[in-house]
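Below, each chain spelled out in residue letters.
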Amino acid sequence: MLTDPAQVQQDFIKFFQDLLGAKASEMPCLDSTIAKDGYYINKEDQQGDLIMCCRADQMSIQLMLKAFEHFSTVSGLKANMEKSSLYITGVEQQLKDQILYEMHFSLGMIPFKYLGVPLSSKKITVQQCMPLVERMWQSAVNQECLVRDSNVLITSRFDTKKGNPTDNRKFFDARKWYGHSDLYTDMQQFTQAYKFIIKKAYLHLIPQYPKVAWKSLNMRPCHVPKYQFILWLTLQKRLTTADRLAKWGIQVLRNCVLCVSDAEETHSHLFFECEYSRQLWSSFLRRIGENSQVGSWEEEVERITTKKCSSKAHAEVLGWLLAASVYHIWNERNARRFQEQQQDQRLRSREIVIQLHSKGQHRSRWKRILKNANSYPNLVQL
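A.B. asks: A description of the overall build of the protein chain should follow, citing residues and the corresponding values.
C.D. replies: A count of helical and extended segments in the protein chain gives 16 helices and 8 strands. Going through the 382 residues of the protein chain one by one, you find that 34% of them count as buried. Of the contacts made within the protein chain by residues no fewer than 6 positions apart, 52% connect residues no fewer than 24 positions apart. Counting every atom, the protein chain has about 25,500 Å² of accessible surface; 52% of that belongs to carbon and sulfur.

A.B. asks: I'd like a description of the packing of aromatic side chains, backed by residues and values.
C.D. replies: Using the criterion set out here, one finds 8 aromatic pairs in the structure. Between F68 and F71, the aromatic rings sit 6.3 Å apart at their centres with planes inclined by 35°, giving tilted as the arrangement. Of this pair, F68 and F71 both sit in helix α2 (residues 58-75), 3 residues apart, roughly one helical turn. Since its relative accessible area comes to 19%, F68 is described here as buried. On the accessibility criterion, F71 (39% relative accessible area) is partly exposed. Plain terms: the ring middles of Y227 and W320 are 5.8 Å apart, the flat faces sit at 70° to each other, and that makes the pair edge-to-face. Residue Y227 is located in helix α9 (residues 225-235), and its partner W320 is located in helix α14 (residues 312-338); the two are separated by 93 residues in the primary sequence. Comparing Y227 with W320, the two get one shared label, buried.

A.B. asks: Which residues make up helix α13 (residues 297-306), and what values do they have?
C.D. replies: Turning to α13, its buried residues are W297, E300, V301, R303 and I304. Seen end-on, α13 carries its buried residues on one side only, within an arc spanning 165°. Away from the buried face of α13 by more than 90 degrees, exposed residues E302 and T306 are located.

A.B. asks: Describe the pattern of salt bridges, with residues and values.
C.D. replies: Evaluated as defined, the whole model comprises 9 salt bridges. One salt bridge connects E300 with R303, and the closest N-O pair in it is separated by 2.5 Å. With E300 and R303 both in helix α13, this residue pair falls 3 residues apart, about one helical turn. Judged on exposure class, the residue E300 and its partner R303 are both buried. R348 is the salt-bridge partner of E332, the closest N and O atoms lying 2.8 Å from each other.

A.B. asks: Just give me the short version of the packing of helix α12 (residues 275-287) against α14, but keep the residues and values in it.
C.D. replies: Two numbers describe how α12 lies on α14: the axes approach to 10 Å, and their chain directions differ by 155°. Taken together, the axes of α12 and α14 lie roughly antiparallel to each other. Here α12 runs over α14; the crossing is right-handed. Along its contact with α12, which presents Y276, S277, L280, W281, F284 and L285, the element α14 presents L318, L321, L322, S325, I329, E332 and R336. Its residues assigned to classes, the contact of α12 with α14 comprises 9 nonpolar, 2 polar and 2 charged.

A.B. asks: Report on the nonpolar core, specifying residues and quantitative values.
C.D. replies: Core analysis: the biggest nonpolar cluster contains 43 residues, and W281, W297 and L321 have the highest contact counts within it. Contributing elements (two or more residues each) for this core: α9, α11 (267-273), α12, α13, α14, α15 (345-360) and α16 (367-371). For this core, the leading source of residues is α14, giving 12 residues. W297 has contacts with L231, T234, L235, H267, F271, F272, L322 and V326, leaving out every residue within four places of it along the chain. Counting 8 residues, the second-largest nonpolar core is a separate cluster that includes L65, I88, L100 and M103.

What counts and how
- Residues numbered from 1 in each chain as written.
- Predicted model: local features only at pLDDT ≥ 70, side-chain atom pairs only at ≥ 80, totals over all residues.
- Heavy atoms only, no water.
- Helix = DSSP H or I, 4+ residues; strand = E, 2+ residues; numbered from the N terminus.
- Buried < 20%, exposed > 50% of the residue type's maximum accessible area, 1.4 Å probe, protein only.
- Contact = heavy atoms within 4.5 Å.
- Areas by Shrake-Rupley, 256 points an atom, 1.4 Å probe, with all protein chains shown as cover.
- Phe/Tyr/Trp six-rings, centres within 6.5 Å; stacked < 30°, edge-to-face > 60°.
- Arc of directions from axis to C-beta.
- Salt bridge = Lys/Arg side-chain N within 4 Å of Asp/Glu carboxyl O.
- Axes fitted to C-alpha atoms, helices over the stretch in contact; angles between N-to-C directions.
- Parallel < 35°, antiparallel > 145°, perpendicular 65-115°, else oblique.
- Left-handed = near helix turned anticlockwise from the far one by under 90°.
- Nonpolar A, V, L, I, M, F, W, Y, C, P; charged D, E, K, R; others polar.
- Core = buried A, V, L, I, M, F, W, Y, C linked by side-chain atoms within 4.5 Å.

This is the structure:
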């Protein structure tokens, strides 16, 4: 039995040198607190099962056994050969017989139990896992090792009707119910007709965030993905406008490049105080029968999300046009600011209308609305 920390450290490093073939100068140092003076491993307290896996060939098994023998020499732990078994799959019978003859192990059969759970090549069922869950739960209760601040889901079984263990699996948040005396009462909110409803438990455990009014505006399935992403950034006011860049210490021209004025480029100015963006958005509102004046960004979003449209198709077209307008306004801003290229409103409008009609070809309920929006993009007027 090794009790000298220095000798334990040397054997530890030598073991990994033999296993990995590394040089001594490249091996990490072993913390001396791992092996304290006078400490040794009590073999009687270290009884347990160990599973070692390797390829089913003679060389791999010999290397694995050699490493285990070295570990046994260093730690003092010895394997009980009478209780050890060899499990071999996926090889021919001749090779299997040869391995058993040379290794002197008894042949084990799959499935076999480990910690009370049957191990096999097939997916195990919930019922087969319950003995292990019960052992873990009982160990946690006996040793009082439940952590109050952990965000761990603990699996148990509980009968919401009788209060006795059954096959129903329940998930609890340890921080919510640890220390509560009446667990039966807490479980009632997750049950219906004495049956556990996993949906109720899931909704109870996930964080509850406030819902935003513009969810339906940005989550429409008809949106083009790139339009949807830029619209989401705009709704969050996360576009890198000139005023935001200045706050980060990035020196850029502060004036708006769309309306070519001295007005500072901010989120509010870009949508829709700027003359360029206001005219672009106003032209689309008129084409689909919206006669209201263009307001601020917040007013437009609120109007679209709360407006009772004549039909669902009208609401979809209106939301799609907003997403397309926002994307093309931002795209035009980037082209003018960074590439020194520009397009007037007529070309931008034509491009949006072409894409709108192309999208409407696959949506029959859009056709009546698109008739009022000019079927010929070159007729779009501002």
